[in-house]
Structures are given as structure tokens and as C-alpha cells.
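Next come the chains, spelled out residue by residue.
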Amino acid sequence: MDFAWSEEQLAFRHAVVEFAEKELNDRLVERDAQYEFSREAWNKAAEFGIIGLPFPEEYGGQGADYLTTMLAMEALGYGCRDNGLIFSMNAHLWSGALPIYRFGTEEQKRKYLPGLIDGRLISVQGMTEPGTGSDAYALTTTAVEDGDHYVLNGAKTFITNAPVADVFVVFTTVDRSKGWLGITAFIVDADTPGLTVGKNFHKMGIRTSPMSELIFEDCRVPKENMLAKRGSGMMIFNHSIEHERGAILAHTIGTMERQLEEALTYARQRKQFGQSIGKFQAVSHRLVDMKVRLEAGRLLLYRLGWMWDQGKGKAIDASMVKLFLSEAWVQSSIDTMWVHGGYGYMVETELERDVRDAFSSRIYSGTNDIQKNVIASQLKL
Ligand SMILES: Cc1cc2nc3c(=O)[nH]c(=O)nc-3n(C[C@H](O)[C@H](O)[C@H](O)COP(=O)(O)OP(=O)(O)OC[C@H]3O[C@@H](n4cnc5c(N)ncnc54)[C@H](O)[C@@H]3O)c2cc1C
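What comes next concerns the included structure. Please read these numbers as outputs of a predicted model, since none were measured by experiment.

Some thoughts on the overall build of the protein chain
Counting its regular elements, the protein chain contains 13 helices and 10 strands. Against the 2.2 N^0.38 benchmark of 21 Å for 381 residues, the protein chain shows a C-alpha radius of gyration of 21 Å, consistent with a compact globule. Considering only C-alpha atoms, the protein chain reaches an extent of 80 × 45 × 45 Å along its principal axes. Residue burial in the protein chain is summarised as follows: out of 381 residues, 55% are buried. Here the contacts in the protein chain between residues at least 6 apart in sequence split such that 76% fall between residues at least 24 apart. On the protein chain, roughly 16600 Å² of surface is accessible, and the fraction owed to carbon and sulfur atoms is 54%.

Observations concerning the side chain of His-340
Mapped onto the elements, His-340 comes out in the loop between α10 (315-339) and α11 (341-344). In this structure His-340 comes out as buried when scored by relative accessible area, which is 10%. Residues contacting His-340, with those up to four places away along its chain left out, are Glu-262, Ala-263, Tyr-266 and Leu-351.

With respect to the pairing of strand β2 (residues 142-146)
Inspection of the sheet shows β2 paired to strand β3 (residues 149-160) by five bridges, in the antiparallel sense. Its bridge partner being in β3, Thr-142 is matched across the sheet by Asn-153.

Focus: the packing of helix α9 (residues 281-309) against α10
Between α9 and α10, the least distance of the axes is 9 Å, while the angle of their chain directions is 155 degrees. As the angle between them shows, α9 and α10 are arranged roughly antiparallel. Considering only the axes of α9 and α10, their crossing is left-handed. Per-class residue counts for the contact of α9 with α10 are 16 nonpolar, four polar and five charged.

Looking at the side chain of Asp-82
Mapped onto the fold, Asp-82 is located in the loop between α4 (66-79) and α5 (83-103). Apart from the residues within four sequence positions on either side, Asp-82 is in contact with Leu-24, Asn-25, Leu-28, Arg-31 and Thr-208.

Notes on the packing of aromatic side chains
Within the structure shown, the criterion is met by 14 aromatic pairs. Between Trp-5 and Tyr-302, the aromatic rings sit 5.2 Å apart at their centres with planes inclined by 90 degrees, giving edge-to-face as the arrangement. Taken together, the positions of Trp-5 in the segment before α1 (7-23) and Tyr-302 in helix α9 put the pair 297 residues apart, joining distant regions of the chain. A relative accessible area of 5% places Tyr-302 in the buried class. Chaining the aromatic ring pairs together yields one cluster made of Phe-3, Trp-5 and Tyr-302. Lying over the aromatic face of Phe-103, Arg-102 brings its terminal NZ or CZ to 4.8 Å of the ring centre.

Considering the site of the ligand
Lining the immediate surroundings of the ligand are 19 residues, of which Thr-128, Ser-134, Thr-160, Thr-367 and Asp-369 lie closest. Gln-125 places a main-chain nitrogen or oxygen 3.0 Å from a nitrogen atom of the ligand. Here a nitrogen atom of the ligand sits 3.0 Å away from a polar atom, N or O, in the side chain of Asn-373. Taking 970 Å² as the accessible area of the ligand by itself, protein coverage stands at 63%. Listing elements by their share of the shell around the ligand, those giving two or more residues are β1 (123-126), β3 and α13 (368-377). Its residues assigned to classes, the shell around the ligand comprises 10 nonpolar, eight polar and one charged. Taken together, domain 2 (124-232) and domain 3 (249-377) each give at least three residues to the shell around the ligand, which thus spans both.

Cut-offs applied
Residues numbered from 1 in each chain as written. Predicted model: local features only at pLDDT ≥ 70, side-chain atom pairs only at ≥ 80, totals over all residues. Heavy atoms only, no water. Helix = DSSP H or I, 4+ residues; strand = E, 2+ residues; numbered from the N terminus. Rg over C-alpha atoms; globule rule 2.2 N^0.38 Å. Buried < 20%, exposed > 50% of the residue type's maximum accessible area, 1.4 Å probe, protein only. Contact = heavy atoms within 4.5 Å. Areas by Shrake-Rupley, 256 points an atom, 1.4 Å probe, with all protein chains shown as cover. Pairing = 2+ DSSP bridges. Axes fitted to C-alpha atoms, helices over the stretch in contact; angles between N-to-C directions. Parallel < 35°, antiparallel > 145°, perpendicular 65-115°, else oblique. Left-handed = near helix turned anticlockwise from the far one by under 90°. Nonpolar A, V, L, I, M, F, W, Y, C, P; charged D, E, K, R; others polar. Phe/Tyr/Trp six-rings, centres within 6.5 Å; stacked < 30°, edge-to-face > 60°. Lys NZ or Arg CZ within 6 Å of the ring centre and 35° of its normal. Near = heavy atom within 4 Å. Polar contact = N/O pair within 3.5 Å; in protein donor to acceptor, adjacent residues only side chain to side chain. Domains from an automatic or database assignment.

Structure, rendered in C-alpha cells:
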């Protein structure tokens, strides 16, 4: 494995950091308090090319490989403090646009991908239901064939981006007696009659990323909007969730690097008992733990990007990345706040927000208990 970056990749990383620092952090404390998503920042990121990174140029993307995409996301995490915006972009990219690109017909790709890449369209996946979260394949939203359409009935919840989304990849069952073999995915436009998008949920963190429920009441979806074949929903979900788990936290490498730099600066400057607090072993050890977690997480992530680029990588590899980076991000955020003492606890220092934001990563894309189950299942216990 070789993780030596080319001059071009490093220049791109630098450009993403500069762009993100300048363009994406506007009014963040206020927007976080008001649960406000920034469409303006979304459009700027799309225009810069971040949203279309891994997609081919023929649809308007950048055609970047996975490692380069991860490096750009890392740079985004370093420069952009708006974790909600980054989360919304990742949900759109890996759970909305990717399945359409990977499993869509040429017609579906031509219809949706250019808009999903250039920022005009926002997408996401609708899997979770009020009664089925971790046990996702027990879903109950039905799709019944009726002439040229399928009629959808049911409810989805905790759907990221839903209040601002234009396109949903929705998982249904066409035959509950068949279990996971009945699961079928559809591309559903947000303005389809019979689909109601709920109000923005109030969350502990990543508040600038909107979320709501979706209600389907005799919602007629044209047959041509089925994604791949009847009964292939589980294959589609497995593919996108694996990519989501592996890539959705790439930005935390940049975030944790910034957190470490800020904690180090403060530990050098802040004096108590006549010396810098960094001279106290308790504080220095906390900073050491932050450094080791960052570098271990970086290698685990790059290793997966390299594997994907070689056409390798299994579910266990993506689950390990998701598990490690989410726990590392939570702890790094707590440690940064902790090093800053009372100042870290104040909203204006923008450190407590990271703690609130980071915690969500233990839950989405499958809780960390579920990641451990995936990893355990490969250990031949
Ligand atoms: C910020 C955020 C964004 C989200 N975005 C989306 C989205 O865009 N689309 C979407 O479809 N969903 C989304 N979700 C939903 C998310 O996928 C679910 O919340 C998650 O899968 C857990 O499901 P649940 O909340 O129903 O918890 P449950 O499955 O009820 O789990 C409750 C607790 O039991 C534990 N548990 C459950 N089963 C097991 C088991 N077999 N072994 C060990 N422990 C277990 C869990 O780890 C957890 O601690 C989002 C959630 C969050 C928090």
C-alpha cells in the first residue's frame, strides 16, 4: 500500500481547505441554534466540485478515485466546521446518488445524476421506519403493482435531508411473505402525490442537517422508477450502506487534526500554577491519545480507500472504519473541550458543538453495536 500523495492531490487538498474555511462556516453558531440548513453553502460546495467527486465526468462528476475522494473529504473536515452540512452531503452522495449511479438504468442516470452532482437536486435514502431501525430488512412499507405504477403505503423516519430533498431512494416490500427477497427500491420524486414530508426534527447535534419523516399514502410511483429489479433492494442497500460506512466519516480525519491543533495551541498558551497546562502529564497524555487516535484512524481509512480502488474491501473493512472513526471523533471532541476547561463548555468557542455533532455518528449508518455484530460475524466465533 502506498499513501504518498501526488503534487496534484496535495494541491487539491489545499484548495478544498481554503475554499471550506472561506465559504462554508458563515453564521454557524446562529444557524446551529436555529436548525438552519444552508442551501447557499450546498450550492457553493457543488459548484466547487465536492459533491460530484466520485462520479464520472460524463454525468458532470470529477471522476476521482476513492482515495482522492477521501482526501478531499478530510480537507473538508479540516476547513468546514459545519458538520451538519458535511453529513447532509455525505448522506446525499453515498445513500442517494451512489445507488442511482451504480444500479440505475442509463435513462435514470441521465435524468437524475447531472442535477445531483451540480447541486440542483438533493437526495437521500429512506430505509428506517418507526418500527424497524437496526432490523432494517423487517421494513413494512409496501409497494403494490397497479398498471404502469406501484402504489406505496407506509412511513419512513429519521430521514436526513428530507425537508429539503428533491429525490428519495425508498426501500419497500413488494411481498412480505418473501422476507428480504421482497425488498424493492424506487426512486421517488419529492413532489409525487401521496408523499408527505414531515417537519424538521429537533436533534441533539448536526442541527444544520435537516431531518424528517416521510409518509406514503397511496403514493403512485411509475414503474420506470424502480431501481434495478423487483426483489433486489437488499443488494442495493448492502452496496450503498457499505460505501456509506466506509466513507461517511472521512471528514473526521480533518476535523480531528484541527481539534488537535487547537488543543495543542491552548495547552501551550494557557498557564495554571505558573506553567503551561500542557506540562501537566494528565493534559499531555490526553493530547497524546488524540494524536494516536487520529493517526490510527487515518491509516484505517486510507487502507479502505486503497482497497476500494483495487476492487477489494469487504463489509468488515467498512464497519471497522465506521466504528473506529466515530468513537475516535466522539472522544477527540470531548478531549478538545476538556483541555479548554470552562471556555470549552461555552457555545461561542464552538467546541461543545462538535461533541453534540460527533455523537450522532455512533448511531447513523447502523449503530456501533451493529458494526460490532458485522465484525464479529467475520471472526468465525
Ligand atoms: C443523525 C441520524 C441520521 C439518520 N439518517 C437516516 C437516513 O437518512 N435514512 C434512514 O433510512 N435512516 C436514517 N437514520 C436512522 C438510523 O439508521 C437508525 O437510527 C439506526 O439504524 C438505529 O435504528 P433505531 O434508531 O431504530 O434504533 P434500534 O434499532 O431500535 O436500536 C436501539 C438500541 O439497541 C441496539 N441494538 C439493536 N439491535 C441490536 C443488535 N442486534 N445487537 C446489538 N445491539 C442492538 C442499538 O445499537 C441501539 O443502541 C438516521 C439516524 C440518525 C441518528
